[in-house]
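# Fold and contact review
Residues per chain, in single letters:
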Amino acid sequence: MNKELETYITEERLKPYLVVTNNDFDMAIELYLLYTRINESLYFPLQNIELIVRNSFYRVIANKYGKDWIFEKRYLLQGRDKSNDLLIKQINSVIESKRGNIDSNDLISNLNFGFWTNLLDSNFEVFFWRPCLRILFCNYSKVVLRKEIQTKLKFIKSIRNRVFHHESLFKYNLMDSYKEIIFFISLISDEFSKWTEKHSTFIDSYNNLKNFIGTNRLKLNI
């Protein structure tokens, strides 16, 4: 069975797990499976992050500039720099893939997560975020700063990319990362945050991993 597993789970993918388990193959596979369960459990809250970000970002700006703001390039050319070009290229790419037959709902659902993260760049501060940020993050107890929000979202994006590409989360404090995801959702919608937490399987997956690490005395900070 080991040979079969080694054929399809590459040595490079298993290497971090083998290092932690002192090259105990069976233990490494079990640890790999437990981390895979963690990735699976994070998919749901990360999916909800994407939904609430793209829909709420679009909506709050639409309330200010109209529902078709995302088609009007002048809004994305504020303080022109390379990030603006990337945003416009993404929009054009989606429009071309749909052969021009597209409305705002189609467009926002097809733009990637990085689009919304980049929309928080400093060159959009005056035009988009000064009038909209406080309205959007109405549950934030502190002064809402665009840069701070972007930093939080970039951190979540880094986790999201690893989870969606089936990569190891060894470098992350898993519980803190999960709490950050839930907290970010709560800044926009407390109800959606509670619903996400209620239906998440992360805590069970985390406890299984924590028990395995403790039982086998592995040196892992999760």
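Please refer to the structure higher up on the page.
Residues numbered from 1 in each chain as written. Predicted model: local features only at pLDDT ≥ 70, side-chain atom pairs only at ≥ 80, totals over all residues. Heavy atoms only, no water.

Right, let's talk about the packing of aromatic side chains for a bit. Across all of its chains, the model carries 22 aromatic pairs by this definition. Note on W69 and F128: the rings are 5.4 Å apart at their centroids and 70 degrees apart in plane angle, and the pair reads as edge-to-face. On the criterion of sequence distance, the pair formed by W69 in the loop between α3 (25-65) and α4 (82-97) and F128 in helix α7 (residues 125-136) is long-range, its members being 59 residues apart. Classification of W69 by relative accessible area gives buried; the value is 0%. For F128, a relative accessible area of 0% puts it in the buried group. One aromatic cluster is present, built from ring pairs that chain together F57, Y58, Y65, W69, F115, W116, F124, F127, F128, W129, F137 and F184. (Phe/Tyr/Trp six-rings, centres within 6.5 Å; stacked < 30°, edge-to-face > 60°. Helix = DSSP H or I, 4+ residues; strand = E, 2+ residues; numbered from the N terminus. Buried < 20%, exposed > 50% of the residue type's maximum accessible area, 1.4 Å probe, protein only.)

On to helix α8 (residues 146-164), then. Given 3.6 residues per helical turn, the α-helix brings residues three or four places apart onto the same face. For α8, spanning 19 residues, the distance from its first C-alpha to its last is 26 Å, which sits close to the expected 27 Å at 1.5 Å a residue. Buried within α8 we find R146, I149, Q150, K152, L153, I156, I159, R160 and V163. On its buried side, α8 packs onto α3, α6 (113-118), α7 and α9 (174-188). Following α8 by one or two positions, H166 has its phi on the positive side, about 60 degrees. (Expected span 1.5 Å × (residues − 1). Contact = heavy atoms within 4.5 Å.)

Let us now look at the side chain of S200. Take S200: it is sitting in the loop between α10 (190-199) and α11 (202-215). At a separation of 3.1 Å, a polar atom in the side chain of S200 contacts the main-chain amide nitrogen of F202. (Polar contact = N/O pair within 3.5 Å; in protein donor to acceptor, adjacent residues only side chain to side chain.)

With that out of the way, let us pick up α3. Between its first and last C-alpha atoms α3 spans 58 Å; for 41 residues at 1.5 Å apiece the expected length is 60 Å, and the two agree. In α3, a bend of some 30 degrees at Y43 exceeds every other bend along the element, and P45, a proline, comes one to four places later. The backbone nitrogen of D26 lies 3.3 Å from a side-chain oxygen of the residue at the head of α3, namely D24. Count one or two residues on from α3 and you reach G66, which has phi positive near 100 degrees. (Bend = angle between axes of the 7 residues up to and from the residue.)

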